[in-house]
Amino acid sequence: MAELKEKYRRLRTWQHQPHQVAPLSEEMHDCPTCGTHFQGNFCPRCGQSAKIGRYSFKKAFLLFLDVWGVGNRGMFRTLRDLILRPGYMIRDYLRGMHMAYFPPFKMFFLLITLSLLVESGLNIQGVNRIKQGQEQFEKGMNQAKAEQEQDKVQEKKKEEKTDKPLTAEEKAREQRIEKLSNKVSNSTEISNWIFEWIYQHLTIVMLIGLLIISGPLYLMFRHSPNIPDLRYSEFFVAMIFTTNMLNIYSIICSLLCFNQLVEVFLYPLAIIPLKQLSGYSYWSTIWRVLVAFICFSVISLSLVFAIGIVGSILYINIG
């Protein structure tokens, strides 16, 4: 038990400690590229590393990663710190330690691309989870459409059995109902289009969602103990890093083909970087997140409800 406590203490000490840059070399070097005679780790004229050496498989692999923007500026260090010390890493980045970590927005786009590849079949089972989700969605919509068609047939049968002729008002009402039913049926195609558009523009959708949820969260954390003068732009960058952390866990779950419900339980992990970044206790962080989420839900539902009513009125009255 004492040994575990000591390991935990060392972990906590390492979490709080910012990234340590390698000490400056005292050796003198001649740059192979520009010929500058210099002291240190990098050439002050062209920026080339003093440690070139001969090619190896490790160096070739790192150069391959550089082609995709993964092997430079501490990508692996960023992945490690987002898993083990996310909030403290975000704090260091906001304080200006940019060269030690991979750029947040660039990492965001790379992780989204990797997530789509994994969801499209690059997993241990080779399952296209995006296609499966779309098929299930279309199946549900088609089933709802079939039920509507069946209801229409039954209504017509009832009308045929009724000998009493319909009045002009009743006929007009039936025509309006039939017209509305046809438009509702056409909504299946619209829903399928929306579903495909979201997947094709997932990055834009996620960025818009982050912008919206960041507002209420920022109001709850803008005067935190660690950063009492936090700006909204800084907090938005912190949310991008937090999303990157969640995407890392989500990609791992998708790669191992875990149940998609498991990924829902990953979202509470966002409390960890917010707690470490702000300096609040866990309970204080949790209630702030809950209040912000309730505000976000109310605003989102109100907007969706208002847009739905206006869209329905326009959709029914046009034509």
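Computed from a prediction, not measured in an experiment: that's the story for all the values here.

## As for the packing of helix α4 (residues 86-94) against helix α11 (residues 271-278)
The angle between the axes and the distance between the axes are what describe a pair of packed helices. At a minimum axis distance of 7 Å, the contact between α4 and α11 shows a crossing angle of 50°. The angle between α4 and α11 falls in the class oblique. As for the relative orientation of α4 and α11, their crossing is right-handed in sense. Here α4 contributes Pro86, Gly87, Tyr88, Ile90, Arg91 and Leu94 to the contact with α11, which in turn contributes Ile272, Pro273, Gln276 and Leu277.

## A short note on the pattern of salt bridges
Evaluation of the coordinates by the stated rule reveals six salt bridges. A salt bridge links Asp81 to Arg80; the shortest N-O distance between them is 2.9 Å. Judged by its relative accessible area of 38%, Arg80 is partly exposed. The salt bridge involving Asp92 is made with Arg85; its shortest N-O contact spans 2.9 Å. The burial state of Asp92 is the same as that of Arg85; both residues are buried.

## Quick word on the packing of helix α3 (residues 75-84) against helix α9 (residues 232-255)
Where α3 contacts α9, the two axes come as close as 10 Å, and the packing angle between them is 90°. With respect to each other, α3 and α9 are oriented roughly perpendicular. On α9, the residues touching Thr78, Leu79, Leu82 and Ile83 of α3 are Phe241, Asn244, Met245, Ile248 and Tyr249. A per-class count over the contact of α3 with α9 returns seven nonpolar, two polar and no charged.

## Considering the packing of aromatic side chains
The final tally for this structure, using the stated rule, is eight aromatic pairs. When the centroid spacing of 6.3 Å and the interplanar angle of 40° are considered together, the rings of Phe293 and Phe296 count as tilted. Note that Phe293 and Phe296 are positioned in helix α12 (residues 282-317) at a spacing of three residues, about one turn of the helix. Given the relative accessible area of 48%, Phe293 is considered partly exposed. Three or more aromatic residues link up through ring pairs in this structure, and these residues are Tyr218, Phe221, Tyr232, Phe235 and Tyr280. Residue placement shows Arg85 over the ring face of Trp14; its charged tip is 5.9 Å from the ring centre. Cation over ring: Arg288 sits above Tyr280, and NZ or CZ is 3.9 Å from the ring centre.

## Concerning the environment of Arg91
One can find Arg91 in helix α4. Taking the C-alpha atoms as reference points, Arg91 and Ser278, 187 residues apart in sequence, are found 8.7 Å from one another. In this view, Arg91 contacts His16, Pro18, Arg85 and Leu277; residues no more than four positions away in its chain are not counted. Side-chain polar atoms of Arg91 contact the backbone oxygen of His16, separated by 3.1 Å.

## Some thoughts on the nonpolar core
Grouped together as the largest cluster of nonpolar side chains are 38 residues, with contacts concentrated most on Leu82, Met107, Leu210, Leu217, Phe221, Phe235 and Phe241. Setting aside anything within four residues of it in sequence, one finds Phe241 in contact with Thr78, Leu82, Met89, Ile90, Tyr93, Phe102 and Pro104.

## Comments concerning the side chain of Ser254
Along the chain, Ser254 falls in helix α9. The buried category is assigned to Ser254, whose relative accessible area is 1%. Only 2.7 Å separates the side chain of Ser254 from the side chain of Glu119, close enough to count as a polar contact. Among residues more than four places away in sequence, those in contact with Ser254 are Val118, Glu119, Asn123, Arg129 and Glu263.

So, how was this worked out
- Residues numbered from 1 in each chain as written.
- Predicted model: local features only at pLDDT ≥ 70, side-chain atom pairs only at ≥ 80, totals over all residues.
- Heavy atoms only, no water.
- Axes fitted to C-alpha atoms, helices over the stretch in contact; angles between N-to-C directions.
- Helix = DSSP H or I, 4+ residues; strand = E, 2+ residues; numbered from the N terminus.
- Parallel < 35°, antiparallel > 145°, perpendicular 65-115°, else oblique.
- Left-handed = near helix turned anticlockwise from the far one by under 90°.
- Contact = heavy atoms within 4.5 Å.
- Salt bridge = Lys/Arg side-chain N within 4 Å of Asp/Glu carboxyl O.
- Buried < 20%, exposed > 50% of the residue type's maximum accessible area, 1.4 Å probe, protein only.
- Nonpolar A, V, L, I, M, F, W, Y, C, P; charged D, E, K, R; others polar.
- Phe/Tyr/Trp six-rings, centres within 6.5 Å; stacked < 30°, edge-to-face > 60°.
- Lys NZ or Arg CZ within 6 Å of the ring centre and 35° of its normal.
- Polar contact = N/O pair within 3.5 Å; in protein donor to acceptor, adjacent residues only side chain to side chain.
- Core = buried A, V, L, I, M, F, W, Y, C linked by side-chain atoms within 4.5 Å.

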